[in-house]
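# Observations on the model geometry
The chain contents come next:
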Amino acid sequence: MVSKHAQDRVYSQANTNPDDFWGTHAKNVHWHKKPEKTIQKSKKTLKDGVSHDHWTWFPGGEISTTFNCVDRHVRDGKGNNTAIYWDSPVTGAKEQFTYNQLLVEVETLAGVLREEGVKQGDVVLIYMPMIPAALFAMLAIARLGAIHAVVFGGFAPAALAQRIDASRPKAIMTASCGIDGSKAPSGYKKMIEEAVDRSTFKPYKTIIWQRDDLRWDPVLKESGQRNWQRLVKSARNRGLKADAVPVKSEDGLYIIYTSGTTGLPKGVVRTAGGHAVGLNFSIKYLFGIHGPGDVMFTASDIGWVVGHSYIVYAPLLIGATTVLFEGKPVGTPDASTFWRMIEEYKVTTMFTAPTALRAIRREDGENEFFEKTYGERGGLRSLRALFLAGERSEPSIVEMYQKLLKKHCAEGALVVDNWWSSESGSPISGVALSATAGEDFATQQREGPLPIKPGSAGKPMPGFDVQVVDDEGHPVERGQMGNVVMSIPLAPTAFTTLWGDEDRFYRSYLKRFDGRWVDTGDAGMMDNDGYTCPVSIMSRSDDLLNVAAHRFSTGAIEQVITSHPSIAEAAVVGIPDQLKGQLPFAFITLSTHEHPDAAVPEDRLYQEVQKLVRDEIGAIASLGGMIQGRGMIPKTRSGKTLRRVLRELIENATHEQLDKEVGVPSTIEDQEAVEVARAKVKEYFGLKGKGLHMPAEARAKL
Ligand code: AMP
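Read on for a plain summary of the structure. (Residues numbered from 1 in each chain as written. Predicted model: local features only at pLDDT ≥ 70, side-chain atom pairs only at ≥ 80, totals over all residues. Heavy atoms only, no water.)

### Thoughts on the pairing of strand β16 (residues 295-298)
Residue alternation in β16 divides its side chains into two sets, Val295 and Phe297 and Met296 and Thr298, and both sets are buried. As paired elements, β16 and strand β17 (residues 321-325) share 3 bridges and run parallel to each other. Each bridged residue has a counterpart across the sheet, and for Phe297 the counterpart in β17 is Val323. Following the chain from β16 across helix α10 (residues 305-317) to the adjacent parallel β17, one finds a crossover that is right-handed. For β16 and strand β18 (residues 349-352), the ladder comprises 3 bridges, and the chain directions are parallel. In the strand pairing of β18, Met296 is matched with Thr349. (Buried < 20%, exposed > 50% of the residue type's maximum accessible area, 1.4 Å probe, protein only. Helix = DSSP H or I, 4+ residues; strand = E, 2+ residues; numbered from the N terminus. Pairing = 2+ DSSP bridges. Right-handed = clockwise from strand over helix to strand, strands pointing away.)

Here is the structure:
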């Protein structure tokens, strides 16, 4: 019999005996009070009498995430190691902080926040650019046992106001401006003030990090606005600090908002104990980062879950160095920036989304920067792995980078596609670089990971029992497409509820399969080796879009579009995009009596709709295009928009298969609408489509 690979052994150990497995791994973090149990299973009963399985990781335990990320390393004599490198090509600034320095920053800021009224259990909202102060804020809030809600610094005031109302933060921590790539700094003052104006709940304080690039002026004291640097300076002069406050294992560490199927975002809650144990495990097991000397560069944003887990918490938990980057893959100043970062900071592990690599490929198709500028002089030899997540990685991009890594990076360097979500908190699947760490966490080995299969996102991670099922919840055969689901309990990093909305947790994730499975919202398959190939945004998930690795609700975008006075109806679907994977694409019906015949809307209307989307959601949700027509949006008899039909039509068009059959469910109300839509798509693509809309991946023409 062929002996099992360590990753397979570890997975079965975690599945057959989760108590032992996670109980052992829980010993690798510091507990102010040790847990009484590893896991407690229970039932939750909702207001309407429905009851469902619930679970709690490490009940009875008390923990401080900040203590584990900062104080612990200082206490263990590792205070002189570098915790953070900050590199900001958009401002030209660079800074670095040792763990000793990080502790001083964080305990002082925590003292400030306490003085400003923040207590254990309060929510503090963070709306910040990628600067060290943002990390200090997250860690200082957690230090007080308060809960942070980081909102991506590119969201428009309306989206921010929604998140203020949903999380009811005591305070907002922000900066005077953000800088998006090579664009001029964008002032946050107007954004925040408008958001607070729009929200029903009013935070008491707004603490502002002043940046010289564009100041927040004036700071309105009477409105609760405070100058962050001044508060810290005064605290320093007075020796004001706050110690780490441990919280219960099941208490919230943070809330992260993610798009749901309705206009309102869902507040995913991360619990303190499970998060610390699960992330501390994943950073070593999956990412192969063993601690001091290892340098992780996660090119994401702290507003996303990847940023929370792998810019901030995981590298700091293990005592490694994290690289905080305020720039873009291209344009700051060019497509060589990532590779410069690897050389300059001797990055061992990089993590980004495939969309970033596509942007680089577009500017530097021959990989001159990677090979000629940095690779050939040995500048990239430190790199052991390039992790990709956030959306599907097409095999061509994985293969291209695999070749580049083999030639120019550390021996055995791998490209690792890993699949996960805001809900899971850490990868659900991937290829573990240090699989034996699952059996012996002290090991320094990183030998022989499983082979990489381009197009597959690896195998399930410990604690995530991934299954592919049909619409009735029955497992399908290997190699068949289906709904990707997970059984309860989920791994320790994953959510167990939504902030203040138990009912929605049940409705969004459990109801579909009667509480038997947690629905991931993704469709995909597992092949015969048990490799999962999650494919995002397939049939059922048409209520969600994935733009440059960020999730958006089609419903929310439709809502914004129909707020335009000339638009009666809208259906938004994802159109394949070479750079961003998908872009939102709108089908609209005008409210005018005499509907124009042309499929391409007037330029003015298109610009107005674009502006609405940018203003209400944010520039990253900008439309890829818009088609107008009457009787074009197919519906089911119960009145649900059949976005799937429109998506298939538009996808076929980008593959130049305009006449290809599309799947139409028997519940369709008006079959004719499909043909109207097809004709409109043809007309639109005839006029606009050529070269404008291209998929990232070719597909077989059958
Ligand atoms: P978010 O919660 O915003 O991080 O979005 C999570 C979603 O992104 C998942 O449910 C998938 O649809 C998609 N996703 C993330 N990573 C991958 C991946 N490696 N392959 C395919 N889709 C992915």
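After presenting the structure, the write-up continues.
### Digging into the packing of helix α16 (residues 554-561) against helix α17 (residues 603-616)
At a minimum axis separation of 9 Å, α16 and α17 run at an interaxial angle of 125°. Classed by the angle they form, the pair α16 and α17 counts as oblique. Our pair here, α16 against α17, has a crossing hand that is right-handed. Of the residues in α17, those touching α16 at Ile557, Val560 and Ile561 are Val609, Leu612, Val613 and Glu616. Across the contact of α16 with α17, the residue classes tally to 6 nonpolar, no polar and 1 charged. (Axes fitted to C-alpha atoms, helices over the stretch in contact; angles between N-to-C directions. Parallel < 35°, antiparallel > 145°, perpendicular 65-115°, else oblique. Left-handed = near helix turned anticlockwise from the far one by under 90°. Contact = heavy atoms within 4.5 Å. Nonpolar A, V, L, I, M, F, W, Y, C, P; charged D, E, K, R; others polar.)

### Concerning helix α9 (residues 272-285)
Between its first and last C-alpha, α9 extends 20 Å over 14 residues, near the 20 Å set by a 1.5 Å rise per residue. Counting buried positions along α9 gives 14 out of 14 residues, so the element sits mostly inside the fold. (Expected span 1.5 Å × (residues − 1).)

### Some points on the site of the ligand
Taken together, the neighbourhood of the ligand is formed by 16 residues, with Asp417, Asn418, Ser422, Asp522 and Arg551 sitting nearest. Here an oxygen atom of the ligand sits 2.7 Å away from a polar atom, N or O, in the side chain of Ser422. Calculation on the ligand without its partners gives an accessible area of 500 Å², and the protein chains cover 92% of this total. (Near = heavy atom within 4 Å. Polar contact = N/O pair within 3.5 Å; in protein donor to acceptor, adjacent residues only side chain to side chain. Areas by Shrake-Rupley, 256 points an atom, 1.4 Å probe, with all protein chains shown as cover.)

### Side note on the side chain of His148
Here His148 lies in strand β7 (residues 147-150). A polar atom in the side chain of His148 sits 2.7 Å from the side chain of Tyr313. Here His148 is in contact with Val124, Ile126, Met138, Ile141, Leu253, Tyr254, Ile255, His308 and Tyr313, once residues within four sequence places are set aside.

### Some thoughts on the pattern of salt bridges
One pass over the full model with this rule turns up 41 salt bridges. The closest approach of N and O atoms between Asp294 and Arg384, which form a salt bridge, is 3.4 Å. Linking Asp294 in the loop between α9 and β16 with Arg384 in the loop between α13 (368-374) and β19 (385-388), this pair joins segments that are 90 residues apart in sequence. Residue classification places Asp294 among the buried residues on the basis of a relative accessible area of 7%. (Salt bridge = Lys/Arg side-chain N within 4 Å of Asp/Glu carboxyl O.)

### Some remarks on the nonpolar core
Formed by 182 residues in total, the largest nonpolar core has its most connected members in Leu102, Tyr313, Ile561 and Phe587. Of the residues forming this core, the biggest block, 10 residues, is contributed by helix α5 (residues 132-143). Setting aside its immediate chain neighbours within four residues, Phe587 contacts Glu569, Ala570, Ala571, Val573, Ile627, Met632, Ile633, Leu646, Ile650 and Val681. In this structure, Met350, Phe370, Tyr374 and Leu405 belong to the second largest nonpolar core, which totals 32 residues. (Core = buried A, V, L, I, M, F, W, Y, C linked by side-chain atoms within 4.5 Å.)

### Quick word on helix α19 (residues 672-689)
In an α-helix there are 3.6 residues to a turn, and that puts residues three or four apart on one side. The terminal C-alpha atoms of α19, which comprises 18 residues, lie 23 Å apart, in line with the 26 Å expected from a rise of 1.5 Å per residue. Turning to α19, its buried residues are Ala673, Val674, Ala677, Arg678, Lys680, Val681, Tyr684, Phe685 and Gly689. In this structure, the buried residues of α19 make contact with β29 (567-577), β30 (581-590), β31 (625-628) and α18 (643-654). Residue Gly691 follows α19 closely and has a positive phi angle near 75°.

In short, geometric facts, not functional conclusions.
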